Amino acid sequence: MEVAISSARASGSRPASDELSAQQKVEIYRLMFLSRSVDDREVLLKRQQKTFFQISTAGHEALQVGAALALRPGYDWFFPYYRDGALCLALGVTPYEMMLQATGAATDPASGGRQMPRHWSSRALHIVSTSSSTATQLLHAVGCAEAGRAFSKHPENSARAEGDYRAFHDVDFHGDEVALACVGEGSTSQGEFWEAINTASNQKLPVIFCVEDNGYAISVPVEVNTPGGNISRLVANFPNFFFAEVDGNDPVASLRAFQEAAAHCRAGHGPALVHGHCVRLYSHSLSDDDKNYRSAAEREADLMCDPIARMRSRLIGEGILTVSEIDELERGLEAEAAEAAERAMEAPLPEVEGITEHIYSEDLDPTRAAFATEQPQVSSETNGAASAGGHKSSGPHTMADLINSCLRDEMRRDPRIVIYGEDVADASRVEALSEAKGKGGVFKLTAGLQTEFGSERVFNSPLAEANIVGRAIGYALRGMKPVVEIQFFDYIWPAMHQIRNELALMRWRSNGTWAAPVVIRVPIGGYLTGGAIYHSQSGESIFTHTPGLRVVFPSNALDANGLLRTAIRCDDPVLFFEHKRLYRETYGRAAYPGPEFAIPFGKAKIVRPGTDITLVTYGALIPRAMQAAQQAEREHGIETEILDLRTLNPYDWEAIAESVRKTNRVIVAHEDMLSWGYGAELAARIADELFDDLDAPVRRIGAMDTFVAYQPKLEDAILPQPENILKAIVDLKSY
Ligand SMILES: Cc1ncc(C[n+]2csc(CCOP(=O)(O)OP(=O)(O)O)c2C)c(N)n1
Ligand SMILES: [Mg+2]
């Protein structure tokens, strides 16, 4: 039975419950029952061991169908979670597509067999790929809404442009679009929930947060997660919100709440939060048995609230369908689910050869020659870059200056770039700038950018690192280019979940459907004299151990400028490490290279040629290695070849191999701790693949296996120094 529901999928007006036609009510029931039928069929398949996981929607159907019918698939944006089967069905995902997820088929449109079932994704419907992580997607919805607003204000920015990531990102937007983000009540304990409603509230963003409150987070009841047991009471004071607390077992009340929420958002008044009370009729998933932690009476009470049974009685009670008509409808829907399952069992499985597809962009290779621009322009002119004190300087420029120049040039070139982070603006209270010179980052790397490009493109974030990265993912999904800053590497950890489980995975887990080519600039490293534990950390290997991320670590001003340009134009997420100690060093200054100077990723540079020993390193160890190599030559006649890797993922294996074949001796050195560090992988690969070329074992140099202490005497002992490098060179030469 196909029933048009366009008037229920409405424009945001507010119908009384009985304004819904009989047909619309039947359609609501059809969607709810179809969802339950798909659940039941999936449970059967799992029990027959034909599939591998099942998590059900049972009990949430009414709330979700209400949400879906108030919004527009392919127009609005959707950030569901694993329980949202009825939502997705009502938006247009078919039972067959859901069954393809369950079997892990090659043709599973959500992930091609990479994700568990019910981890949704549909480009056409605007359902953004969702992970298993609870509440992370809420920040994506916020960034998505920000991007929609930015494009609506400046539609010209949506035009495709050749030569960078923009060529590969279709942009569509509507001035009154809404983003729906769904979450269980337990997951509202996550910081990301609060970080998301913070920004949505502050920025008056059109995001509807739907809290699906079934009273349990696996076995943990609501009162453990939510003080007082009711999330609505806790959020009530956030400004600009429309709030609704509804009986989520009633689809008509739910629909009405979402229609009001959507009207509030579409009118530009701000975000909304719909808190639906529903029931979890099956256990958390098929891996859980709620009899282990719930009383029989409680489970019985939930069953009495089953939204499907209730809606069934209502249709019969209101004389809309007879018992036999409803029976017939249900048998048809069960058959539809069964037939979808049968067909899906026949679908081809993914090929093993395809496993590594979509880890990185297949469209734009940042190692390619196109990123090797002509030589830098020979000029000492600045582009207006602010130097250390915020004043203009003529060259040669520091690394800080040339990073600022690159950001400025790229922002002029590409209006889709936004820059935000903690303290990156010149001043959030713009009027202060009539008398104050502006902040522009704690290291002043973004100085002057807000003043030139305005507060819509350069702004301060809340002090919340997951907020910075999570929103950036939402921005980038829509085709914007966020270039965000994490103030210190030491504080990247609150964003780690977003980086590791979301940013790096978006493309692979969605089988190439979605991508989030964000740039994260991160000041890193020690040698600061007093930086101590929380301002000196390194840890790059943690990120090179994350497939999907590009990791860059320049050692001088010119490389920083050229590599940052490639990072910004790239189609992959990039972690751009900037060594704080190098920001204003005399070492490595350079003339301003012009606005098109770029360096491809994965191309090491021989910064000192030599014939006796290869020293592979990067970052702040470059000047220290140079010092050691000069001394080794002076005092011992040893010629050390120093290779600056410049990018750590990808890295230039060819350059390493070529040098080692020449020198037959190699040291891998880095500032980060020795054990399990970046050098361990390189040393292992060299030993494995270049064994026949080696005249001595591969040596490694790194920090002691501890954090960096405050007292300079301790810091000096903990971090590798030129004398450590010299000693290793001399030892290895005489091996
Ligand atoms: C960050 C994170 N921590 C833990 C888990 C494991 N986990 C999956 S679902 C869940 C409970 C979620 O409960 P709730 O938010 O109430 O949603 P419900 O499943 O009840 O719909 C937990 C702890 C996870 N997926 N992500
Ligand atoms: Mg729950």
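Keep in mind that what you see is a predicted model, and the values were worked out from it rather than measured. (Residues numbered from 1 in each chain as written. Chains lettered and ligands numbered in written order. Predicted model: local features only at pLDDT ≥ 70, side-chain atom pairs only at ≥ 80, totals over all residues. Heavy atoms only, no water.)

1. Some thoughts on the nonpolar core
- Core analysis: the largest hydrophobic core is formed by 82 residues, its most contacted members being Phe 209, Ile 520 and Phe 543.
- Once residues lying within four places of it in the same chain are set aside, the contact partners of Phe 209 are Leu 138, Val 142, Ala 181, Ala 196, Ile 197, Ala 200, Phe 241, Pro 271, Ala 272, Leu 273 and Val 274.
- Of all hydrophobic cores here, the second largest spans 68 residues; its members include Tyr 29, Val 93, Phe 242 and Ala 347. (Core = buried A, V, L, I, M, F, W, Y, C linked by side-chain atoms within 4.5 Å. Buried < 20%, exposed > 50% of the residue type's maximum accessible area, 1.4 Å probe, protein only. Contact = heavy atoms within 4.5 Å.)

2. A look at the environment of Ile 656
- In this structure, Ile 656 sits in helix H21 (residues 653-663).
- Taking the relative accessible area as the measure of exposure, Ile 656 reaches 0% and is therefore buried.
- The spacing of Ile 656 and Pro 600 is 56 residues in sequence and 17 Å in space, taken between C-alpha atoms.
- Leaving out residues up to four positions away in the same chain, Ile 656 has contacts with Val 616, Leu 643, Leu 645, Tyr 651, Leu 682 and Ile 686. (Helix = DSSP H or I, 4+ residues; strand = E, 2+ residues; numbered from the N terminus.)

3. Re the coordination of the magnesium ion (ligand 2)
- On the protein side, the magnesium ion (ligand 2) has Glu 185 (OE), Asn 214 (OD1) and Tyr 216 (O) as donor atoms, found 2.1 to 2.2 Å from it.
- In the primary structure, the donors to the magnesium ion (ligand 2) are separated according to the pattern E-x28-N-x1-Y. In this pair, Glu 185 is assigned in the loop between strand E2 (179-184) and helix H6 (191-202) and Asn 214 in the loop between strand E3 (207-213) and strand E4 (216-217), connecting sequence segments 29 residues apart.
- By relative accessible area, Asn 214 is classed as buried at 7%. (Donors = N, O, S within 2.8 Å, 3.2 Å for Na, K, Ca; no water.)

4. Details of the pairing of strand E6 (residues 242-247)
- Residues Phe 242, Ala 244 and Val 246 point to one face of E6 and are all buried, whereas Phe 243, Glu 245 and Asp 247, pointing to the other face, are not buried.
- Of the strand pairs in this sheet, E6 and strand E7 (residues 272-277) are connected by 6 bridges, and their pairing is parallel. When the sheet's bridge partners are listed, Ala 244 is paired in E7 with Val 274.
- As a crossover connection, the stretch from E6 through helix H9 (residues 251-266) into E7 is right-handed. (Pairing = 2+ DSSP bridges. Right-handed = clockwise from strand over helix to strand, strands pointing away.)

5. Structural notes on the confidence of the model for the protein
- Overall, the prediction assigns the protein a mean pLDDT of 95, with 95% of residues at 70 or greater.
- Residue range residues 1-8 is modelled with pLDDT below 50. Its contacts to residues more than four positions away, or to other chains, number 17 contacts. (pLDDT = per-residue confidence, 0-100.)

6. Topic: the layout of surface pockets
- In this structure, the largest pocket occupies an estimated 370 Å³ of space.
- Lining the largest pocket are 18 residues, with Ala 150, Lys 153, Glu 456, Phe 459 and Tyr 475 sitting closest to its centre.
- Among the elements of the structure, helix H5 (136-153) and helix H15 (465-477) are those that each provide at least two residues to the lining of the largest pocket.
- A per-element tally of the lining of the largest pocket places H5 first, with 4 residues.
- Across the lining of the largest pocket, the residue classes tally to 7 nonpolar, 4 polar and 7 charged. (1 Å grid on protein atoms, 1.4 Å probe; cavity = no way out; pocket = protein on both sides within 12 Å on 5 of 7 lines; lining within 4 Å. Points joined across faces, edges and corners; volume = space filled by probe spheres on them. Nonpolar A, V, L, I, M, F, W, Y, C, P; charged D, E, K, R; others polar.)

7. What to know about the site of ligand 1
- Close contacts around ligand 1 come from 17 residues, with Tyr 81, Tyr 82, Arg 83, Ser 187 and Tyr 216 the closest.
- Within the backbone of Gly 186, an N or O atom sits 2.9 Å from an oxygen atom of ligand 1.
- The contact in question runs from an oxygen atom of ligand 1 to an N or O atom on the side chain of Asn 214, over 2.9 Å.
- Here ligand 1, which alone exposes 580 Å², has 75% of that area covered by the protein. (Near = heavy atom within 4 Å. Polar contact = N/O pair within 3.5 Å; in protein donor to acceptor, adjacent residues only side chain to side chain. Areas by Shrake-Rupley, 256 points an atom, 1.4 Å probe, with all protein chains shown as cover.)

8. Remarks on the sheet that holds strand E16 (residues 640-644)
- Reading across the sheet, the 5 strands line up as E14-E16-E15-E18-E19 and stay open at both edges, with mixed pairing between neighbours. Taken across any chain shown, the strands that pair with only one partner, and hence form the sheet edges, are strand E14 (605-608) and strand E19 (699-703). In this sheet, adjacent strand axes meet at a mean angle of 25° when their direction is disregarded.
- Pairing of strand E18 (residues 666-673) with E19 involves 4 bridges; the strand directions are parallel. Residue Met 673 lies in a different strand from E19, and its bridge partner there is Ala 703.
- Along the sheet face, helix H20 (residues 621-636) touches E14, strand E15 (613-617), E16 and E18 and points at about 170° away from the line of E16. (Axes fitted to C-alpha atoms, helices over the stretch in contact; angles between N-to-C directions.)

9. What to know about the packing of aromatic side chains
- With the rule as written, the count across this model stands at 24 aromatic pairs.
- Between Tyr 29 and Phe 33, the ring centres sit 5.9 Å apart and the planes meet at 35°, which makes this aromatic pair tilted. Here Tyr 29 pairs with Phe 33, and both are found in helix H1 (residues 22-47), just 4 residues apart, close to one helical turn.
- We classify Phe 33 as buried; its relative accessible area is 9%.
- For the pair Phe 489 and Phe 543, a centre-to-centre distance of 5.9 Å together with 80° between the ring planes defines the contact as edge-to-face. Separated by 54 residues along the polypeptide, Phe 489 in the loop between strand E10 (481-485) and helix H16 (496-503) and Phe 543 in helix H18 (residues 540-544) bring together distant segments of the chain.
- By the ring-pair criterion, three or more aromatic residues cluster together here, those being Phe 489, Trp 493, Phe 543, Phe 553, Phe 577, Tyr 618, Tyr 651 and Tyr 678. (Phe/Tyr/Trp six-rings, centres within 6.5 Å; stacked < 30°, edge-to-face > 60°.)

10. Overview of the packing of H6 against H15
- Running from N to C, H6 and H15 cross one another at 70°; their axes reach a closest spacing of 10 Å. Accordingly, the angle class assigned to the pair H6 and H15 is roughly perpendicular. In the crossing of H6 with H15, the sense of the turn from one axis to the other is right-handed. Between H6, through Glu 192, Glu 195 and Thr 199, and H15, the contact on the second element is made entirely by Ala 466, Asn 467 and Arg 471.
- Split by residue class, the contact of H6 with H15 holds 1 nonpolar, 2 polar and 3 charged. (Parallel < 35°, antiparallel > 145°, perpendicular 65-115°, else oblique. Left-handed = near helix turned anticlockwise from the far one by under 90°.)

11. Considering the packing of helix H13 (residues 399-413) against helix H19 (residues 557-569)
- Two elements in contact, H13 and H19, have axes whose closest approach is 8 Å; the angle formed by their N-to-C orientations is 30°. If you check the angle between H13 and H19, you find them roughly parallel. Relative to H19, the crossing made by H13 is right-handed. Side by side, H13 and H19 meet where Met 399, Leu 402, Ile 403, Ser 405, Cys 406, Leu 407, Asp 409, Glu 410 and Arg 413 of the first sit next to Ala 557, Leu 558, Ala 560, Asn 561, Leu 564, Arg 565, Ile 568 and Arg 569 of the second.
- Grouping the amino acids of the contact of H13 with H19 by side-chain chemistry returns 10 nonpolar, 2 polar and 5 charged.

12. Section: unusual backbone geometry
- Omega for the bond connecting Asn 649 with Pro 650 falls within 30 degrees of zero, at 5°, which places this linkage in the cis form.
- With respect to the helices, strands and loops of the structure, Pro 650 is situated in the loop between strand E17 (647-649) and H21.
- Phi at Lys 204 is positive, roughly 50°, even though this residue is not glycine.
- Position of Lys 204 among the secondary structure elements: in the loop between H6 and E3.
- Residue Lys 204 is classed as partly exposed on the basis of its relative accessible area, which comes to 36%.

13. Describing a nonpolar patch on the surface
- The grouping of Ile 533, Tyr 534 and Phe 707 at the surface amounts to a nonpolar patch, some 300 Å² of accessible area in total.
- Mapped onto the elements, Ile 533 comes out in the loop between strand E11 (519-524) and H18.
- The exposure class assigned to Ile 533 is partly exposed, which follows from its relative accessible area of 33%. (Patch = residues over 30% accessible without salt bridge, like charges linked within 9 Å, V, L, I, M, F, W, Y side chains within 5 Å. Salt bridge = Lys/Arg side-chain N within 4 Å of Asp/Glu carboxyl O.)

14. Structural notes on the side chain of Asn 157
- Secondary-structure assignment places Asn 157 in the loop between H5 and E2.
- Take Asn 157: its relative accessible area is 14%, and that puts it in the buried class.
- Residue contacts for Asn 157: discarding those within four places in its chain leaves Phe 151, Pro 415 and Arg 416.

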